[in-house]
Amino acid sequence: MNTVGYAAIVLQVGAVVAGAPLLTGLMRQTRARLEGRAGAGVLQPWRDVRKLLRKEPITPVGTGPAFRWAPPVLVATSLVLAVLVPLVSTESPVRGRADLIVVVALLALGTVALALAGLDTGTAFGGMGASREMTIAALVEPTILMAVFALSIPAGSTNLPVIVAGAADEPARLTSPAGLLAIAALSVAVLAETGRLPVDNPSTHLELTMVHEAMVLEYAGPDLALVEFGAQLRLTVLLGLLASLFAPWGIATSASSLAAVLLALVLVVLKVAVLGTVLAAAEVFWAKLRLFRVPELLAGSFLLALLAVTASYFMGGEGGQ
Amino acid sequence: MGLLRKIRDTGQVAEPAPPRPEGGVPPQAREFGGSVQVRCVDAGSCNGCEIEIAAAFNPVYDAERYGARLVASPRHADVALVTGPVTRNMAEPLRRTVAAMPEPRLVVAVGDCAINCGEFAGGYGVEGAVSDVVPVDLAVPGCPPRPDEIVAALRRVTGR
Ligand code: SF4
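All of these numbers come straight from a predicted model, not from anything done at the bench. (Residues numbered from 1 in each chain as written. Chains lettered and ligands numbered in written order. Predicted model: local features only at pLDDT ≥ 70, side-chain atom pairs only at ≥ 80, totals over all residues. Heavy atoms only, no water.)

Turning our eyes to something else, we now look at the overall build of chain A. Scanning chain A from terminus to terminus reveals 12 helices and zero strands. When the helices and strands of chain A are read in sequence order from the N terminus, they spell out α-α-α-α-α-α-α-α-α-α-α-α. For chain A, the spread of C-alpha atoms along the principal axes amounts to about 65 × 45 × 45 Å. Looking at chain A residue by residue over its 321 residues, the buried ones come to 51%. Put simply, 81% of the contacts in chain A that link residues at least 6 apart link residues at least 24 apart. Total accessible area on chain A stands at roughly 13100 Å², and carbon and sulfur atoms take up 71% of it. Side-chain charges in chain A split into 20 positive and 20 negative, and the spacing between the mean points of these groups amounts to 7 Å. (Helix = DSSP H or I, 4+ residues; strand = E, 2+ residues; numbered from the N terminus. Buried < 20%, exposed > 50% of the residue type's maximum accessible area, 1.4 Å probe, protein only. Contact = heavy atoms within 4.5 Å. Areas by Shrake-Rupley, 256 points an atom, 1.4 Å probe, with all protein chains shown as cover. Lys, Arg positive; Asp, Glu negative; His and termini not counted. Charge placed at Lys NZ, Arg CZ, Asp CG, Glu CD.)

All right, on to the nonpolar core then. Generally speaking, soluble globular proteins have nonpolar side chains that are buried together. In this structure, A:Val88, A:Ile136, A:Ile144, A:Val148, A:Leu186 and A:Leu245 are the most contacted members of the largest nonpolar core, which totals 67 residues. It is helix H10 (residues 221-246) of chain A that contributes the most residues to this core, 10 residues altogether. Excluding its chain neighbours within four sequence positions, the residues that come into contact with A:Ile144 are A:Val104, A:Leu107, A:Leu186, A:Ala189 and A:Glu193. With 22 residues, the next largest nonpolar core counts B:Val38, B:Phe57, B:Leu106 and B:Ala153 among its residues. (Core = buried A, V, L, I, M, F, W, Y, C linked by side-chain atoms within 4.5 Å.)

Between chain B and chain A, the contact holds 36 residues from the first and 31 residues from the second. For the chain B and chain A pair, buried surface summed over both sides reaches about 2700 Å², with 49% attributable to carbon and sulfur atoms. If you sort the residues of chain B by the area they bury against chain A, B:Ala72, B:Arg75 and B:His76 come out on top, with a joint share of 23%. Here chain B is connected to chain A by five salt bridges. Residue B:Asp78 is joined to A:Lys51 by a salt bridge in which the shortest nitrogen-to-oxygen separation is 2.6 Å. Linking chain B with chain A are 24 residue pairs in polar contact (both at pLDDT 80 or more). Of all the secondary structure elements, the ones that give two or more residues to the side of chain B that touches chain A are helix H1 (2-10), strand E1 (36-42) and strand E2 (68-70) of chain B. Ranked by residues supplied to the side of chain B that touches chain A, first place goes to H1(B) with three residues. Among the residues forming the side of chain B that touches chain A, the class breakdown is 17 nonpolar, 10 polar and nine charged. (Buried area = accessible area lost by both parts, 1.4 Å probe. Salt bridge = Lys/Arg side-chain N within 4 Å of Asp/Glu carboxyl O. Polar contact = N/O pair within 3.5 Å; in protein donor to acceptor, adjacent residues only side chain to side chain. Nonpolar A, V, L, I, M, F, W, Y, C, P; charged D, E, K, R; others polar.)

In short, shape yes, function no, at least from these values alone.
Rendered as structure tokens:
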């Protein structure tokens, strides 16, 4: 039984690592096609990573450990997330540790490491980006916590595999008002956490409008490759988490057969690819929000999450009798 | 919904890719392997060249399909596109920008001004051509050069 569980984890991490740049490539390609361009191809982010790894590393004068350690910390936290989050199987050997609070804390650790690196460069834009990122993170983390709490009340646990397995057994939990509210809140939070439109524009060239980009302006070569790869991993894992929480069909719920695991892998790759394409297509229709409007959007999503918790508390109590 | 209809009606506007430009990949660019990040530096141009560079990256010429991408920081860049004669105030910033780019790096001089001061030769505020300030690897002549000539120079660097 355990071999299948370990195989599921290896497959999941392998798919996330190989697929994260491809997902970014797919989203850029979708956007390019909708703009009438030919596009650089889905493989372009992998070419970027390969090129960056061959370039000379630069440590700007006056930067310290925070700058040097942020890229490995970001990638390491994202890789641990890729192990913990149940994408392929809910019956993996790490299921006892895949707690919701650990996941949110790991996300926050990566964010804080990068924000400290932005401050460490001592440039105007680095500090500005770090302060913006912290503002957004302070509003986003509670929303993610709240939204998944709303889902954890019917499951009776904050353990992610238990929540996902419960939803797979009992799809009615997802279409309850609490489930729907939590979906809306969590989607907005994921957009903000991964620095997508309308909160942050990943392809901006204007320093004054940057959030994530402003913190990484000083990175070059292999460090930049790590930062970009870490951001792509986070996007992939969070979209995968969305898919697992709200469309858990097909996920392997018993650690008995390898075939179920492989089927689940194919399904989750498909789900994430569809989510990514839909997100990229939606982004064509959105403009970036003014920075001072972003807290309003995030407060709105927090309100939805709070309503979701309230709803699942009261209505869950009724339905559970 | 209006935008959706517009997208459907417009379809693809990118022109079919012309054949690969002559002249091989410059030796420093061998490592790039189809991915090049570009930083533009306006060292004192009349902005004619900038308009053509912007056109080279628009959906019609679509330089991005060959793997070139504009970036916001010289630290991320492999290629500096320098336009205009280098004015006295821009000489030092240009030197620093090129020094901030990680090796291997290339400097591409775009426009007659960047190559030999063109229209502005002998002006009191002009320090010299780009090659007087930083080493230049490729030049794109023209006043201003056509977008497809800029794209051709970038394709020589990306090798695609
Ligand atoms: S080459 Fe021509 S278009 Fe370009 S900066 Fe000089 S004068 Fe302007």
